Amino acid sequence: MITKTVAVFPGDDASPEVMIPTIALLEKLQLPIEFVYPMVGDEALSEHGARFPGASKAQVDEADATFFGSTSGQSTEALFYLRWGKQTYANVRPCQFRPGYRSPMANPENIDFVVVRENLEDLYLGLEGDLTALAGLNLYSKHAKTSLKDMGTGRYAIKVITEVGSERVIRFAFELARKRGGQRKVTLTSKYNMLAKADGYFREIGYAVAKDYPDITFETFIVDDFLCRMISNPCALDVVVTPNLYGDIFSDGAAGLIGGLGLAPSGCYGADYAYFESAHGTAPDIQGQNIINPTATILSASMMLTYLGLNEAGNTLEAAISSLYAAGQCIPVDQGGNAKTSEFFQALNDALGLT
């Protein structure tokens, strides 16, 4: 098998405490993967005069995928490049309950859905500023019945929904629903009742794409209605697709249904590139305490292995995680247990028969 190259960014604060052992575990599996470590942050600035120099970008470009640790600033430029530079437009956030997770739900057993979040547009384009910059446009609010220039001091943020951006992420969601082979259903959510021109457009494109997938059930809900449904009946969901901001919020909420962000993996996919990272932050409050939950990072690695065509290894890693939680003998602190991060990795190595 052809050797794959993976660029690794260990991340900041407590992130390396789960990233480094995960790489070590993957190396023990003797997979056809070469790991490279592009320089980033203060170290890169000192040696190359830039926080994310051209040589580091080249390593990312030449890699088959990137494994990214959570950042609190040092790796931010690399993250922006992985998202907008590599056009990874679909953020995939699985929400699957496994026996042993500390879910707040009374009956979480059949929770198994995926949030597909548009990753490049919406309010995340960073088009913000002072209202005075828009004064010359003579914008008028039909709801407030006043012109923008008469509203006084303030700031704005522009929401952008494009045909290309919406169509590709919605189509990605339908293809994923086919691959999953579960309920074969796509649920689209946006605030199309109030934002008819923007969120309504996302919904219109959804209906257009759905015509190409007669084998997939398609439904739409307004975001607030959807949130209620996600909490009250999460087992009715299969693949959820949403614009950027809502997806960012809902995917974190979905993690709460099964036990928290320590269990939440993610992958960001483009037409010819993908990167993988846990959904939680850098956890600076527990840095150095050896208690950060590695589950999200390991499951993100499993997603990466599947993307690289190493399906058997990805499935094996995921099954080992499930077996640890089901046994209930090595449960991380955030899930109500007392297992240290290093102890969890040792138990996982043992479950995989690694020394």
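Data block above holds the structure.
All figures in this text were calculated on a predicted structure; none of them were measured in a lab. (Residues numbered from 1 in each chain as written. Predicted model: local features only at pLDDT ≥ 70, side-chain atom pairs only at ≥ 80, totals over all residues. Heavy atoms only, no water.)

Structural notes on the pairing of strand β2 (residues 33–36)
Taken together, the four bridges between strand β1 (residues 4–9) and β2 define a ladder with parallel strand orientation. In the strand pairing of β2, K4 is matched with I33. You can see the chain leave β1, run along helix α1 (residues 16–28) and come back into β2, and the turn it takes is right-handed. (Pairing = 2+ DSSP bridges. Helix = DSSP H or I, 4+ residues; strand = E, 2+ residues; numbered from the N terminus. Right-handed = clockwise from strand over helix to strand, strands pointing away.)

Considering the sheet that holds strand β4 (residues 90–96)
Pairing in this open sheet of ten strands is mixed, and the strands run β2-β1-β3-β14-β13-β4-β5-β12-β10-β11 from one edge to the other. If you trace the sheet from one side to the other, it starts and ends with β2 and β11 (217–222), each paired once. Neighbour-to-neighbour, the strand axes of this sheet turn through a mean angle of 25°, independent of strand direction. Of the strand pairs in this sheet, strand β10 (residues 185–190) and β11 are connected by six bridges, and their pairing is parallel. Of the residues in β11, the one forming a bridge with T187 is E219. (Axes fitted to C-alpha atoms, helices over the stretch in contact; angles between N-to-C directions.)

Let's talk about the packing of helix α7 (residues 223–232) against helix α8 (residues 244–258)
One can describe the packing of α7 onto α8 by two numbers: an axis separation of 10 Å at closest approach and a directional angle of 15°. Here α7 is positioned roughly parallel relative to α8, judged by the angle of their axes. The handedness of the crossing between α7 and α8 comes out as right-handed. Contact residues: V223, F226, L227, M230 and I231 in α7; Y246, F250, G253, A254 and L257 in α8. Among the residues making up the contact of α7 with α8, the classes are represented as nine nonpolar, one polar and no charged. (Parallel < 35°, antiparallel > 145°, perpendicular 65-115°, else oblique. Left-handed = near helix turned anticlockwise from the far one by under 90°. Contact = heavy atoms within 4.5 Å. Nonpolar A, V, L, I, M, F, W, Y, C, P; charged D, E, K, R; others polar.)

Regarding the packing of aromatic side chains
Taken as a whole, this structure holds 17 aromatic pairs when the rule is applied. On the numbers, 4.8 Å between centres and 90° between planes, the contact of Y101 with Y325 is edge-to-face. Highlighted residues: Y101 in the loop between β4 and β5 (112–118) and Y325 in helix α10 (residues 311–327), separated in sequence by 224 residues. The pair formed by Y101 and Y325 is uniform in burial state, with each residue classed as buried. A cation sits over an aromatic face here: K86 above Y273, 4.7 Å from the ring centre. (Phe/Tyr/Trp six-rings, centres within 6.5 Å; stacked < 30°, edge-to-face > 60°. Buried < 20%, exposed > 50% of the residue type's maximum accessible area, 1.4 Å probe, protein only. Lys NZ or Arg CZ within 6 Å of the ring centre and 35° of its normal.)

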